[in-house]
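Tertiary structure, described
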Amino acid sequence: MTPISAARRLVASAANLKLRGKLFVVFLFASILPLLFFVYYSHATLRDELTNQQYANTAATISQINSNLESKLDAYGKISTTLYLDDTLRAYLSQDYSGDTSRFVDAYGYFNNTINNVLTTNPDIHALTLYVTNQTIPLDHIYIRRLDETFMRSPEYEAVKNTYGNIRFLSKRPRPDAPATLTLTRLLNSDSLNFPYGVLTMDILESDIYSLMAKESDDKSIFVVDRGGAILSAKDKSMLGARLDSFVEDGFQDGREGKYDGTYDGEKVFVVYRTTSYGWKTVVLIPYRNFIENAHDATRRILLFAIGSILLATLLIYVTARLITKRVELLLRMIRKVEREEFDVRVDALGRDEIGQLGIAFRSMANRLDNLITEVYKKEIDKKEAEMNVLQAQINPHFLYNTLASISSLALRNADPRMNRMVSDLAKFYRISLNKGKNVISVSEELTLTKYYVAIQRIRFEGLLRMHYDIDESVHPFPIPKLTLQPFVENCINHAIWDDRRGINIIIRARREGGDIALMVIDDGAGFRQTTNASDADASETGRVASGYGIANVDKRMKLMYGPSYGVTLFSRPGIGTSVRIRIPG
């Protein structure tokens, strides 16, 4: 079923509803739906407003967290830079200790003092280790370790091997026996950046990073993730090192900050994020229930009020519809009584409003009908019957007059054997025309009658009449008023011939059109200027006058017999010809 046909069926069903049902449908569309839309709109507007406000507050919080985080990371970077630029440290790490082992005593004294100072002044640094390429330096495996093949396969070395001294931060999955940490790693280069002499690693306590946002995480979840989406810091330490998109949808946009909706731990959340200068993202997950609950409460109150209003309005519309439809049904019963020609109607119970006034007017009409039905109805029927008989009688004498005039004209001019054929055709014409006083004959008989008339006129207009018949045989048995086609053929002969040498072509057609029958008389004669209706065509400005009562006669008879939707349609243009279309029921 197409949408258009479905809509039409719905409209048809609505049109067939009782008045009470229509009132309820109107009430539904005029009251209930707008009220529900208002509830939805209020909820959506309040929700959007709270969401925008929450986003603004959260964005400001994230901005402050990022600022503190960048300051903290900058501080770690400055510590690593201090060690990176320490010429004494570089010299001790690069010196050859294979000849005199006593020299490394001073070196270790410097290492211990330098690294212990860093750890003491920065308690959030859990460990600081130097991995060296110098094969002659003794190792303590605490501060100084060998940059061997094992370390070269580690993530710390992979992150910095092509950075030429830039710092990198890495996350680590926490071990059960150690606190969670982040690792700062940096390549140590000599004066020529192509020859690194070691790698500096600094393990930073993740708790120190999380402390920057711990105060803001009471009613929300806050994460710090690296460029690859791995979690660097979170309240739940078991999530460290895992990817954030394994817990909540990844809806990050290309910009440095944004927001989107997601689901976390089975709950719908509002996700807000912002990127630091280090490429990390601070991500805040806020459960919608935390700030939408107020909107839900307000919506529930509005909805309760709306339901109460709808119930009250439904009761009122039901009572009103009942009062109206009850009286309409009573009026309908009275109308059906009148339809059964029972004109004794009472309208006392209909009141004095518009319906009551309608009932009073209906009673007056019923009484009026009762008085006129016997006088007007029967008289009108007799009048129509008499009018049809008069109209029929008006055609035959005129045709007889014209035909006799033709015979007289031929007889006066010259005795001619054609006179015998004319009189014979005239007798056949009248035998069908009179038809024992009947006014209705079949289409087949009407065509035969017309052919006899044409045969008579061909004797008079020898060589000028060219007749063509296009008849659907299925229309032959259908009834038609007598002398329907003949007046139009007579018009063609008497008024359309404008050239005595050229003559005229006349086409008579009969065919089925749907449930009706169309009869057409078409000529290529002189034509005339067409007026506004068929009746006026009998006296056009060109001087062409329809034979006898002609077009108006046939059209009136059709309408009297079949109704106003049937009759004659005429089209004519000067110099082109005339087309007459007669439509009767099939």
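Treat the numbers as computed from the prediction; the structure is a model and nothing was measured.

**Considering helix H3 (residues 87–94)**
- Burial in H3 covers these residues: Leu89, Arg90 and Leu93. Taken end-on, H3 shows its buried residues confined to a sector of 100 degrees, consistent with a single buried face.
- Measuring from the backbone nitrogen of threonine 88 back to the side-chain oxygen at the start of H3 gives 3.1 Å, which picks out aspartate 86 as the cap.

**Quick word on the pairing of strand E9 (residues 267–275)**
- Relative to E9, strand E8 (residues 257–264) is paired through 8 bridges, and the arrangement is antiparallel. Its bridge partner lying in E9, aspartate 261 is registered against phenylalanine 270.
- Between E8 and E9, which follow one another and run antiparallel, lie 2 residues, and aspartate 265 among them has a positive phi close to 55 degrees.
- With 7 bridges joining them, E9 and strand E10 (residues 281–287) adopt antiparallel strand pairing. What sits directly across from valine 272, in E10, is valine 284.
- Hairpin connection, E9 to E10: the antiparallel pair is bridged by 5 residues, and glycine 279 has positive phi, about 90 degrees.

**Digging into the sheet that holds strand E4 (residues 181–189)**
- Strand order in the open sheet formed by 5 strands is E2-E1-E5-E4-E3, with mixed pairing between adjacent strands. Strands with a single pairing partner mark the edges of an open sheet, and in this sheet they are strand E2 (144–146) and strand E3 (168–171). Shown here is a sheet whose adjacent strand axes are inclined to one another by a mean of 25 degrees, direction ignored.
- Across 9 bridges, the pairing between E4 and strand E5 (residues 196–205) is antiparallel.

So, how was this worked out
- Position labels on residues start from 1 in each chain and follow its written sequence.
- Whole-chain, interface and lining totals are the exception, using all residues; otherwise, since this is a predicted model, local features are given only for residues with pLDDT of at least 70 and side-chain atom pairs are given and counted only at 80 or more.
- For the side-chain quantities, the full set of heavy atoms in the structure was used; hydrogens and water were omitted.
- The classification of residues rests on relative accessible area computed with a 1.4 Å probe and restricted to protein chains. Under 20% of the type maximum is buried, over 50% is exposed, and intermediate values are partly exposed.
- Put simply, DSSP marks the helices as runs of H or I at least four residues long and the strands as runs of E at least two long, and each gets a number from the N terminus on.
- This arc is built from the directions going out from the helix axis to the C-beta atoms.
- Polar contacts here mean pairs of N or O atoms no more than 3.5 Å apart (in protein, one a potential hydrogen donor and the other a potential acceptor; neighbouring residues in sequence count only if both atoms are side-chain atoms).
- In this description, strands pair whenever DSSP reports at least two bridges between them.
- Axis geometry follows a simple rule: fit a line to the C-alpha atoms, using only the stretch in contact for helices, then measure angles between N-to-C directions, giving values from 0 to 180 degrees.

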